[in-house]
Amino acid sequence: LRAYAGGRANARPSVAAGQRFASPAAEPPPPDRRVARQGPGPTALVRDAPSGEVYLADVRDGRGRSAPQEIGLWLDLGGLLQRIGQRDNAMHCFQQALVLDPQDARALNNLGGLHQSMDDVESAMDYYRQALVADPELAEAHRNLAGLLQTNGDRDEAIAHYEAALRLKPDYAEVAYKLASLRGD
């Protein structure tokens, strides 16, 4: 991965090589305050060539603009970081998406998934519910919340959310299977 700054792929980060971004998410943000703290200045994903480690760094292009400023890019970066086990940096990316749009259901859903992967079920449920308030038609949030509800023994509410997900996305085979098994079909 290369640094991304203002549309230029090879911009130099303004931090010393290998310096790590101090993650703003050492502890999960309270559900009622989605963005507890922002990172210092504009940040970007940077790969340290010698070690291959990926980290976030403060970057600017020659005109002082920062990037990324697109929610989708923050979500993509966060998803990548989550997959490679950099949860704190992933959380920062999802929070940056919320800085751009505090009601972005995809970012809220992704934060729910991140908290779920850290076994923080209560926060995960809160984020999934916030995602559904922001966008009641986000089938993935219904599916994710239903799975947690099912695990916690709330069968009726889990069924309602699986049904909502299937209504929104009729070809959702995974959800159809889980709903059928939960109902005993």
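In what follows, the structure referred to is the one given above.
What counts, and at which threshold
Sequence positions are assigned chain by chain, starting from 1 and proceeding in written order. For a predicted model such as this one, the threshold for reporting local features is a pLDDT of at least 70, and the threshold for listing and counting side-chain atom pairs is 80 or more; totals across whole chains, interfaces and linings nevertheless cover every residue. Note: side-chain values were computed over all heavy atoms of the structure, leaving out hydrogens and water. Working definition: helices are DSSP H or I runs of at least four residues, strands are E runs of at least two. Numbering for both runs from the N terminus. Only the protein chains shown count as cover for residues, with accessible areas throughout obtained via the Shrake-Rupley method and a probe of 1.4 Å. Each salt bridge in this description consists of a side-chain nitrogen of Lys or Arg and a carboxyl oxygen of Asp or Glu lying within 4 Å of one another. Buried residues are those whose accessible area, probed at 1.4 Å on protein chains only, stays under 20% of the maximum for their type, while exposed residues exceed 50% and partly exposed ones sit between those limits. We define a nonpolar core as any set of buried Ala, Val, Leu, Ile, Met, Phe, Trp, Tyr and Cys residues linked to one another through side-chain atoms lying within 4.5 Å. Lines fitted to C-alpha atoms define the axes here, with helix axes fitted over just the stretch in contact, and angles between the N-to-C directions of these axes take values from 0 to 180 degrees. An angle below 35 degrees is treated as roughly parallel, one above 145 as roughly antiparallel, one from 65 to 115 as roughly perpendicular, and anything else as oblique. Crossings are sorted by hand: turned counterclockwise from the far helix by less than a right angle, the near helix makes the crossing left-handed, and turned clockwise it makes it right-handed. The contact definition used throughout considers only heavy atoms, calling two residues in contact when any of these lie within 4.5 Å. Here the nonpolar group is Ala, Val, Leu, Ile, Met, Phe, Trp, Tyr, Cys and Pro; Asp, Glu, Lys and Arg are the charged ones; every other residue, Gly included, is treated as polar. The length a helix should cover is 1.5 Å for every residue beyond the first. When we speak of the arc, we mean the arc of directions from the helix axis to the C-beta atoms.

Novice: Sorry if this is basic, but what is going on with the overall build of the protein chain here?
Specialist: Scanning the protein chain from terminus to terminus reveals seven helices and two strands. Element order for the protein chain, N to C, with α for helix and β for strand: β-β-α-α-α-α-α-α-α. Split by element, the accessible area of the protein chain, about 9600 Å² in all, is 47% carbon and sulfur.

Novice: Help me understand the pattern of salt bridges, please; the structure alone is not making it clear to me.
Specialist: Between side chains of opposite charge, pairing is possible as soon as their charged atoms come close. Under the counting rule described, the total for this entry stands at seven salt bridges. Among the ionic pairs, glutamate 140 bridges to lysine 169, the shortest N-O distance being 3.2 Å. Here glutamate 140, found in helix H5 (residues 139–151), pairs with lysine 169, found in the loop between helix H6 (155–168) and helix H7 (173–183); they are 29 residues apart in sequence, far enough to count as distant. The exposure class of lysine 169 is partly exposed, given its relative accessible area of 31%. Salt bridges sharing common partners tie together Arg143, Glu174 and Lys178.

Novice: What is the right way to look at the nonpolar core in this model?
Specialist: Across soluble globular proteins, you tend to see nonpolar side chains buried next to one another. By size, the foremost hydrophobic cluster in this structure holds 37 residues, and its most contacted members are Leu75, Phe94, Ala97, Leu111, Ala131, Leu145 and Tyr162. Among the elements of the structure, helix H1 (71–83), helix H2 (87–100), helix H3 (105–117), helix H4 (121–134), H5, H6 and H7 are those that each provide at least two residues to this core.

Novice: What is the right way to look at the packing of H2 against H3 in this model?
Specialist: The geometry of a pair of packed helices is captured by two quantities: the angle between their axes and the separation between those axes. Taken N-terminus to C-terminus, the directions of H2 and H3 make an angle of 160°; their axes are 9 Å apart at the nearest point. Overall, the two elements H2 and H3 adopt an arrangement that is roughly antiparallel. Like other packed secondary-structure pairs, H2 and H3 cross with a definite hand, here left-handed. When H2 is examined against H3, the residues Arg87, Ala90, Met91, Phe94, Ala97 and Leu98 are found in contact with a partner set consisting of Ala107, Leu108, Asn110, Leu111, Leu114, His115 and Ser117. For the contact of H2 with H3, the residue count by class is nine nonpolar, three polar and one charged.

Novice: In this structure, what is going on with H5? I would like to understand it.
Specialist: Since one α-helical turn is 3.6 residues long, residues separated by three or four positions face the same way. Compared with an ideal rise of 1.5 Å per residue, which puts 13 residues at 18 Å, H5 spans 18 Å between its outermost C-alpha atoms and is within 8% of the ideal. Those residues of H5 lying buried are Ala139, Ala141, His142, Asn144, Leu145, Ala146, Gly147, Leu148 and Leu149. Residues of H5 that are buried in the fold lie against H3, H4 and H6. Immediately beyond the C-terminal end of H5, within one or two residues, lies glycine 153, with a positive phi of roughly 85°.

Novice: Sorry, what's going on with H7 here?
Specialist: Along H7, the residues that are buried comprise Val175, Leu179 and Leu182. Take H7 and look down its axis: the buried residues cluster within an arc of 65°, on one side only. Counted as exposed and oriented over 90 degrees from the buried face of H7: Ala173 and Tyr177. Buried-residue contacts for H7 involve H5 and H6. Downstream of H7 by a residue or two, glycine 184 has a phi angle that is positive, lying close to 85°.

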